[in-house]
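Coordinate inspection notes
Take a look at the letters that make up each chain.
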Amino acid sequence: MVMAIREVDWQHWHGEMPATLMFVVQEGKVLLIEKLRGIGKGKVNGPGGKIDPGETPEQCVVRECQEELHITPLDPVKMGELCFAMSDIPDIHCHVFMATRYEGVPTATEEAIPLWTDLDQIPYDRMWEDDRCWLAGMLAGRKFFGRFIFEGETMLWHELDWQAH
Ligand SMILES: COc1nc(N)nc2c1ncn2[C@H]1C[C@H](O)[C@@H](COP(=O)(O)OP(=O)(O)OP(=O)(O)O)O1
């Protein structure tokens, strides 16, 4: 089935749902999760979630890692932003971070199962479609800004800008 791509006015776009993602990288592996609830339940992603009122993206990503995996990432580095125009849920503005150090022991919770994953074994077939566009570049240290149009869980369109080195 061919789906028509709807128009999105990106000039005036505002993501009603601010959110975060964290990717902890150590010794050739990245700490992913199997998400047990929330948006993307059942998929593999980084830990993260919705930003609470009054919270900064950095405060949110640290809190979400504590809640989902019982770890505290140290010195998070902002790597990019993802603007998701969604069809069936509010649009999401996601702030993406990386860290190379953390405190605690990654632990399974009601929200997530930790999955240490080799950097060359990322399970894209179990992840959101957009991750194929930016995750490998980000893990290689590149910063980015992306816009995506989704119909349900299908990515219809995307545009990705990489920051110059
Ligand atoms: C649309 O494509 C997406 N791609 C990627 N890579 N990640 C996405 C996409 N859409 C949402 N996400 C991420 C962003 C956030 O980390 C979560 C959504 O937040 P969640 O529903 O997990 O929020 P919580 O605050 O943890 O919610 P609950 O406490 O209610 O479970 O997904």
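Residues numbered from 1 in each chain as written. Predicted model: local features only at pLDDT ≥ 70, side-chain atom pairs only at ≥ 80, totals over all residues.

1. Here's the deal with the overall build of the chain
Per the secondary structure count, the chain includes 2 helices and 10 strands. Along the chain, helices (α) and strands (β) appear in the sequence β-β-β-α-β-β-β-β-β-α-β-β when read from the amino end. In terms of overall size, the chain behaves like a compact globule, its C-alpha atoms giving a radius of gyration of 15 Å where 165 residues would be expected to give roughly 15 Å. The principal-axis extents of the C-alpha atoms in the chain amount to approximately 45 × 35 × 30 Å. Burial status across the chain gives 32% buried among its 165 residues. The long-range share in the chain, meaning contacts at least 24 apart out of those at least 6 apart in sequence, stands at 65%. (Helix = DSSP H or I, 4+ residues; strand = E, 2+ residues; numbered from the N terminus. Rg over C-alpha atoms; globule rule 2.2 N^0.38 Å. Buried ≥ 20, exposed ≤ 12 C-beta atoms within 10 Å, placed from the backbone. Contact = placed C-beta atoms within 7 Å.)

2. Quick look at the UniProt feature "domain: Nudix hydrolase" (unreviewed entry) in the chain
Look at the UniProt record and you will see "domain: Nudix hydrolase" (unreviewed entry) annotated at residues 15-146. Segment residues 15-146 splits into 17% helix and 41% strand. End C-alpha atoms: 13 Å apart. (UniProt positions renumbered as here; feature names shortened; annotations may be inferred.)

3. Quick look at the site of the ligand
Neighbouring residues of the ligand: 19 residues in total, closest G38, I39, G48, G49 and W128. Those elements that provide at least two residues to the shell around the ligand are strand 1 (17-26) and strand 6 (92-99). If you tally residues by element for the shell around the ligand, the top one is strand 1, at 3 residues. (Near = placed C-beta within 6 Å.)

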